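# Per-entry structural report
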Amino acid sequence: MDGIATTLRARAFSAEGLLVGALVALVVFFSIASPVFLTLGNLENIGRQTALVSIIAVGMTFVIVSGEFDLSVGSTLALAGVISAIAMKEIAQYAAIGALAGLATGAAVGLLNGILTTRLRIPSFLITLGSLSIARGIVMLITDTRPVVITNRSYFAIFGEGHFLGVPTPIVWTVVVILGGIIALHFTGFGRAVYAAGGNPTAARYSGIPVIRVKVISLTLAGFLAGLAGLVLSARAHAARPDVGAGLELDAITAVILGGAALSGGRGTVIGTLIGSLIIGILGNGLVLIGVDPSIQIIVKGLIIWLSVSMSRG
Amino acid sequence: MTSDVAAGPPRSAADVLRSTLLSGRMLYVAFVALIVIFAIASPVFLTTENFANVGRQTALVSIMAVGMTLVIISGEFDLSVGSVMALAGVAAALAMQGLGDVWIVGAVVAIATGAAVGLVNGLLTTLLSIPSFLITLGSLSIARGLALLVTGTRPINIVDESYYRIFGEGYVLGVPVPIVWTIVVALAGIVLLHFSTFGRKIYATGGNATAARYTGINTRRVKTICLVIAGTLAGLAALVLTARSHAARPDAGAGIELDVIAAVILGGAALSGGRGTVIGALIGSLMIGILNNGLNLVGVDPSLQLAVKGLIIWFAVALGKR
Amino acid sequence: MDLRRPGRAARWLGTAALISFGSLTSANAAGCDVANTLDVASLIPPGIVGSGPFGEAPSTIDSVKLTDAQAEQARAGKFKVGVVMQTMDIDWSKLVVAGITDTLGKYGAELVGVTNPSFQVDKQIAQIGDMIQLKPQAIISIPVDNTATAAAYKTISDAGIKLILMHQVPQGLKYPDDYQAVISPDNRGNGQVAAQILAAHIPDGGVVGIVDFGVDFFTTNERTRQVRAWFEKNRPDVTLKQVDFVDTTKAGDVAANFLTANPDVSGLFVVWDAPAMQVASALRAQGKDLPVVTIDLGIEAGIELASCGLIKGIAAQQPYDQGVAEAEAALQTLLGNQPPPWIVLPAVPVLPSNLTESYRQVFHEDPPEELVSACVADTGCK
């Protein structure tokens, strides 16, 4: 068992090593191409811009490693932000109330995804495709498509615009989530169960691992983290907009797969996911810094996806 | 939930329901139920005109879903079809502008563009052994960016009348051509998948690639061909779309890949490969199309439509699952 | 430019305070000084700036108002009207549809349906087909584009249905056979108002950053074109720089990166309000205090303006009134009266001094409590 784990880890690290190589190459290239790329201000830029995808992608890593899929995270993010804003408006102007309402909403959507997927034994791809639509429709209905304004300053500070030890809070939350994710996935029994559930569910069941519960918890976690991302976004914008987050699921899934996870489950790491997210973020940042035409930016993004996956797996 | 109820007490009606369920035909029941509901809710739903309307509207997704069925059965994935459709349309329009306004020029260029992207997808996926999800995610970006770049983000006009007629606006025996093309593609797909050796190879490749290799199947070639077919059909879809709109837009078809994949999965294909049918994918595509059409005809609030659409996807997969 | 921002090094090394917050938004407290010197009346363009798609002279919305006698006739007619929008996911569309719905209801006409193609051409073509099935006597619609939807719009007149357009005319459609009127905001006028407000905040020889939509789209093109034209004519000292976003959810990121690469920018024009709010949030995050001017009065942008934040002024459309005029034009057509081809609603300059009044004009309802309370006493917000 230990021997297999070591081999797996070694393989993961070598793939990650190449991925880190791709990341470093990008950083070196943009540092040369743009004098402002390596400034503290721009690094904060990148951190803030990748925060949403990174936070969501950690949850997605659990889901994908467990052998499932979550397309609903973008809509869940919007729903959580809006519910949080409405809760503060209607109940009381405390950041804690907004946070609680937003996170609970996210977790509830995730729980529902998990229960429907495992109890009805329907592919999570379809279940979460349904919840993508449903959550977005609910958001549009309850807000009448208008943004819900937030006025709570401590909410802004805690989730979006404050600093902790001088670091912008969106980056702080990303770091917290990444560290939490690393511990949960790589250093706990639950983490091992997630790999087992995705790697070979039948074998996992025979060895007494509650596969269904593991998948439900993973999807709930993904919803919960989408909720946290919703808080970060709405705190930065001073309002919860019903149309945010569309298409974010593809960015998050890309980050996870770029980071070495297998779509069929059983493989993937949190660090890999973070690197995947950073590659996408740095690309978006650097190409604008050097003034590349937006159409060409889209092409380059695709080429880099090809290049980095072929480097890390070829 | 619903299936539990259907499989409940051992009565004869329930037994019938149960056997239908077990044979995987509940999707058809859901499909008919949807038609009945809309027929009752809207007096215009069951008219010939509206059928032609739904057929035209679902043509794009149906045509591409046939290709996607092959790809998914072979154990792969194609996220790039929406962008490829845009790129192929733009290429066709530019070719006709540059080389001469003859429909055949546009047709050849669009099909060739689609097939070429599909070939690149297939070669990169199989030669580099990289998940097609990532390769086609890359080509999704690249094709879209190319389409935006070569057009300067502007739509390109198409002026050839016979092009409109052949791919978008004409009729064959009174049937609108987008529907004719859908039927042609579906029939070819059925023959290829269910009545040819190659079809059996596709199932074998997606069902168990290792076993397939041992029995002498070149799984790489099978997968590549499936991705080429998917690209080619995205090119055909581009012809239908641009002939109906008399222009090619570089931003057309964004997000349509999700509808296409949903149609295929709704139709009973397994994301892990090895399972699926062309007929199922067509029913899936029609269900999504009828849903969009029916909700508009009944006049449901657009925000509510989104939620209802999601609920019906849940309901349909719960009914249709095996 | 960056004086109010705490030193970066100091912040990173800071050990005393665990959390320091609130410093960024307060950086904008003096934001109303310039805006308060502007006179709303002087910003309103004399007449309509843009001309019709075929050079038609503009008509006002009064040209389609129903007389008492016509109102009687309309009620007796019990007309059926359908609406095909470009999207229903934004406030603007909701207000237009509200104006249409209220007006049709007032004259006893039935609204048979409203469709939402989410800016996708293929979906809009499909929905025009759906709408024709419902057999309304008139369709009110805004084309997603004027090229690729043209053939579908032609089928409306072929089906004997009257067509009232918003903003633009699909290629090849002829007035009055294929469509009976176009109702449009003065897009260029909006661009001009925005440019004038922004110019007041830009120092001599300053740099204006234009944050535009990177996809060819009629309304945004018209706005940006006039912003450029106005600066080139009236403020030749100003340098114009531009960055485009293609993904509407990434406008804030794109602007943040653009500002990092172009620290000389002294003010921003953002082509509509939702991306402008993303840009404002990116500016706050970077600790930059730059004036932002945009088009369309949304609630978020309104609050930012009221509190003298980063948004210094807005050129607003009047979507509700536009919807009213569209419904009236449809009814006039159905009564056999021919509306003029190009009916335009003028741009509305919105500053702190006329904010609540403008809100009522745009939304046809009282401003929400958040907006009123955001008007701090000393900002001159009314």
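Residues numbered from 1 in each chain as written. Chains lettered and ligands numbered in written order. Predicted model: local features only at pLDDT ≥ 70, side-chain atom pairs only at ≥ 80, totals over all residues. Heavy atoms only, no water.

### Remarks on the overall build of chain A
Put simply, the rule is: Under the scheme used here, helices are H or I runs from DSSP no shorter than 4 residues and strands are E runs no shorter than 2 residues, and both carry numbers assigned from the N terminus. The reference for a compact globule is 2.2 Å times residues^0.38; the radius of gyration itself is calculated from the C-alpha atoms. Residues are treated as being in contact if the distance between any of their heavy atoms lies within 4.5 Å. Using the Shrake-Rupley algorithm and a 1.4 Å probe, accessible areas are obtained, with residue cover drawn only from the displayed protein chains. Charged residues are defined here as Lys and Arg on the positive side and Asp and Glu on the negative side; His and the ends of the chain fall outside this count. Charge positions are represented by NZ for Lys, CZ for Arg, CG for Asp and CD for Glu.
A tally of helices and strands in chain A yields 13 helices and four strands. Over its C-alpha atoms chain A spans a radius of gyration of 19 Å, differing by no more than 12% from the 20 Å that the globule rule assigns to 314 residues. The dimensions of chain A, computed from C-alpha atoms along their principal axes, are 55 × 55 × 40 Å. Summarising the internal contacts of chain A: among those between residues at least 6 apart in sequence, 79% fall at separations of at least 24. Put simply, chain A shows about 11200 Å² of open surface, and 71% of that area lies on carbon and sulfur atoms. For chain A, the centre of its 18 positive side-chain charges and the centre of its 12 negative side-chain charges are spaced 8 Å apart.

### Some thoughts on the sheet that holds strand S5 (residues 162-166) of chain C
All names here are of chain C. Here is the rule: When DSSP finds two or more bridges between two strands, those strands count as paired. Here, axes are lines fitted to C-alpha atoms. For helices the fit covers the stretch in contact, and angles between N-to-C directions go from 0 to 180 degrees.
The strand order S3-S2-S4-S5-S6-S12 describes an open sheet built from six strands, whose pairing is parallel. Of all the strands in the sheet, the pair left with one neighbour each is strand S3 (110-115) and strand S12 (342-345). For this sheet, the mean inter-axis angle between neighbouring strands, taken without regard to orientation, is 20 degrees. Alignment of strand S2 (residues 80-84) against strand S4 (residues 138-141), held across four bridges, turns out to be parallel. Each residue of the ladder has a partner; that of valine 83, found in S4, is isoleucine 140. Contacts from helix H7 (residues 121-133) reach S2, S3 and S4, with the element oriented near 170 degrees to S2.

### So, the interface of chain A and chain B
Operational definition: Accessible area, probed at 1.4 Å, shrinks when two parts are joined; the buried area is that loss added up over both. In protein, a polar contact requires one atom able to donate a hydrogen and another able to accept it; more generally it is a pair of N or O atoms within 3.5 Å, and residues adjacent in sequence count only if both atoms are side-chain atoms. Residues are grouped as follows: Ala, Val, Leu, Ile, Met, Phe, Trp, Tyr, Cys and Pro are nonpolar; Asp, Glu, Lys and Arg are charged; every other residue, Gly included, is polar.
Of the residues lining the interface, 41 residues belong to chain A; the matching set on chain B comes to 41 residues. Area buried by chain A at its contact with chain B is led by Phe125, Leu126 and Trp306 of chain A, which between them contribute 18% of it. If you look at where chain A meets chain B, you find three residue pairs in polar contact (both at pLDDT 80 or more). Elements that contribute at least two residues to the side of chain A that touches chain B include exactly helix H4 (95-119), helix H5 (124-143), helix H11 (248-258) and helix H13 (294-313) of chain A. Its residues assigned to classes, the side of chain A that touches chain B comprises 26 nonpolar, 10 polar and five charged.

### With respect to the confidence of the model for chain C
Going by this rule: The predictor attaches a confidence to each residue, and that confidence, scored 0 to 100, is pLDDT.
Confidence in the prediction for chain C averages 87 pLDDT; 91% of positions are at 70 or higher. Every residue in residues 1-29 of chain C is under pLDDT 50, and counting partners more than four places away or in other chains gives 45 contacts.

### Observations concerning helix H12 (residues 219-245) of chain B
Turn by turn, an α-helix covers 3.6 residues, leaving residues three or four places apart pointing in a common direction. So the rule is basically this: In this scheme, a helix's expected span is set at 1.5 Å multiplied by one less than its residue total.
Taking 1.5 Å of rise per residue, the 27 residues of H12 of chain B would be expected to cover 39 Å, and the 39 Å separating its terminal C-alpha atoms lies within 8% of that figure. Where H12 of chain B terminates, the next one or two residues include histidine 246 of chain B, which has phi positive at roughly 60 degrees.

### A closer look at the interface of chain B and chain C
We count it as follows: Any carboxyl oxygen of Asp or Glu that lies within 4 Å of a side-chain nitrogen of Lys or Arg is treated as forming a salt bridge with it.
Taken together, the 32 residues of chain B in the interface contact 27 residues of chain C. When the shortest N-O distance is used, the salt bridge between lysine 135 of chain C and glutamate 49 of chain B registers 3.8 Å. On inspection of chain B and its partner chain C, the count reaches nine residue pairs in polar contact (both at pLDDT 80 or more). Of all elements in the fold, only helix H4 (48-73), H12, helix H14 (278-298) and helix H15 (302-320) of chain B reach the threshold of two or more residues within the side of chain B that touches chain C. Tallying contributions element by element places H4 of chain B first for the side of chain B that touches chain C, with five residues.

### Looking at helix H2 (residues 40-65) of chain A
Note the threshold: To get the bend at a residue, fit one axis to the 7 residues ending there and another to the 7 starting there, then take the angle between the axes. In this scheme, a residue with accessible area under 20% of its type's maximum is buried, one over 50% is exposed, and one in between is partly exposed, where area comes from a 1.4 Å probe on protein chains only.
Of all bends in H2 of chain A, the biggest is about 45 degrees, found at alanine 51 of chain A. Burial within H2 of chain A is extensive, with 24 of its 26 residues counted as buried.

### Structural notes on the pairing of S5 of chain C
Residues and elements named next belong to chain C. Buried residues dominate S5, accounting for four of its five residues. As paired strands, S4 and S5 are joined by four bridges and run parallel to one another. Residue pairing for S5: isoleucine 140 is matched across the bridge by isoleucine 164. Bridge analysis of S5 against strand S6 (residues 181-185) gives three bridges, and the strand direction is parallel. By the bridge assignment, methionine 166 is partnered in S6 with isoleucine 183.

### Section: the pairing of strand S9 (residues 267-270) of chain C
Which entries qualify depends on this criterion: Crossover handedness is defined by viewing with both strands directed away from the observer: a clockwise path from the first strand over the helix to the second marks the crossover as right-handed.
Of the two faces of S9 of chain C, both are covered, the one formed by Gly267 and Phe269 of chain C as well as the one formed by Leu268 and Val270 of chain C. Since S9 of chain C and strand S10 (residues 292-295) of chain C lie parallel, the crossover through helix H12 (residues 273-286) of chain C that links them has a hand, and here it is right-handed.

### Side note on the pattern of salt bridges
Under the counting rule described, the total for this entry stands at 25 salt bridges over all chains. Residue arginine 241 of chain A pairs with aspartate 243 of chain A through a salt bridge whose shortest N-O separation is 3.1 Å. Its relative accessible area of 16% is what places arginine 241 of chain A among the buried residues. Note on aspartate 243 of chain A: relative accessible area 26%, which makes it partly exposed. The shortest N-O distance in the salt bridge between glutamate 76 of chain B and lysine 223 of chain B comes to 2.7 Å. On the criterion of sequence distance, the pair formed by glutamate 76 of chain B in the loop between H4 and helix H5 (81-99) and lysine 223 of chain B in helix H12 is long-range, its members being 147 residues apart. Via salt bridges that share partners, Glu161 of chain A together with Arg284 and Glu304 of chain C belong to a single interconnected network.

### Things to note about the packing of aromatic side chains
For the record, the criterion: Centres within 6.5 Å are what make two rings of Phe, Tyr or Trp a pair, Trp counting through its six-membered ring; a difference in plane orientation under 30 degrees is then read as stacked, over 60 as edge-to-face, and the rest as tilted.
Summed over the entire model, instances satisfying the criterion amount to 20 aromatic pairs over all chains. Here phenylalanine 30 of chain A and phenylalanine 37 of chain A contribute two aromatic rings whose centre-to-centre distance is 5.7 Å and whose plane-to-plane angle is 35 degrees, an arrangement assigned as tilted. The pair phenylalanine 30 of chain A / phenylalanine 37 of chain A is uniform in exposure class, with both members buried. Aromatic pair tryptophan 230 of chain C and phenylalanine 231 of chain C: ring centres 5.4 Å apart, planes at 90 degrees, arrangement edge-to-face. Tryptophan 230 of chain C sits in the buried class, given a relative accessible area of 14%.

### Brief notes about the sheet that holds S10 of chain C
Residue and element names in this part refer to chain C. Reading across from one edge, S8-S7-S9-S10-S11-S13 is the order of the six strands in this open sheet, with mixed pairing throughout. Of all strands in the sheet, those with a lone pairing partner are strand S8 (239-245) and strand S13 (348-350), marking the two edges. This sheet shows a mean twist of 20 degrees between the axes of neighbouring strands, independent of strand direction. Inspection of the sheet shows strand S11 (residues 311-316) paired to S13 by three bridges, in the antiparallel sense. Across the sheet, the residue bridging to alanine 316 is valine 348, located in S13. The strands touched by helix H10 (residues 218-234) within the sheet are strand S7 (207-213), S8, S9 and S10, with S7 carrying the most contacts at an inclination of about 165 degrees. Against the sheet, helix H13 (residues 299-306) makes contact with S11 and S13, and its axis sits at roughly 135 degrees relative to S11, the strand it touches most.

### Brief notes about the domain arrangement of chain C
Where interface size is given, it is often the accessible area lost as the parts come together that is meant. Residue and element names in this part refer to chain C. For clarity, the cut-off: In this entry, domain limits derive from an automatic or database-based domain assignment.
With domains assigned, chain C is organised as domain 1 (28-48 + 188-318 + 348-379) and domain 2 (61-184 + 319-344). Each of domain 1 and domain 2 has a C-alpha centre, and the two are 30 Å apart. Facing the 10 residues of domain 1 at the interface are 12 residues of domain 2. With both sides pooled, the region where domain 1 packs onto domain 2 buries about 1100 Å², and carbon together with sulfur makes up 60% of that total. At the boundary of domain 1 with domain 2, the tally comes to six residue pairs in polar contact (both at pLDDT 80 or more). Ranked by residue count, the leading element in the side of domain 1 that touches domain 2 is helix H15 (residues 355-363), at three residues. Classifying every residue of the side of domain 1 that touches domain 2 by side-chain character gives five nonpolar, five polar and no charged.

### Overview of the environment of serine 141 of chain B
Tracing the chain through its elements places serine 141 of chain B in helix H7 (residues 132-151). What makes serine 141 of chain B buried here is its relative accessible area of 8%. Remark: the alpha-carbon pair of serine 141 of chain B and leucine 306 of chain B, spanning 165 residues in sequence, is separated by 26 Å. Each residue touching serine 141 of chain B, except ones within four places of it in the same chain, is listed here: Ile298, Ile299, Lys301 and Gly302 of chain A.

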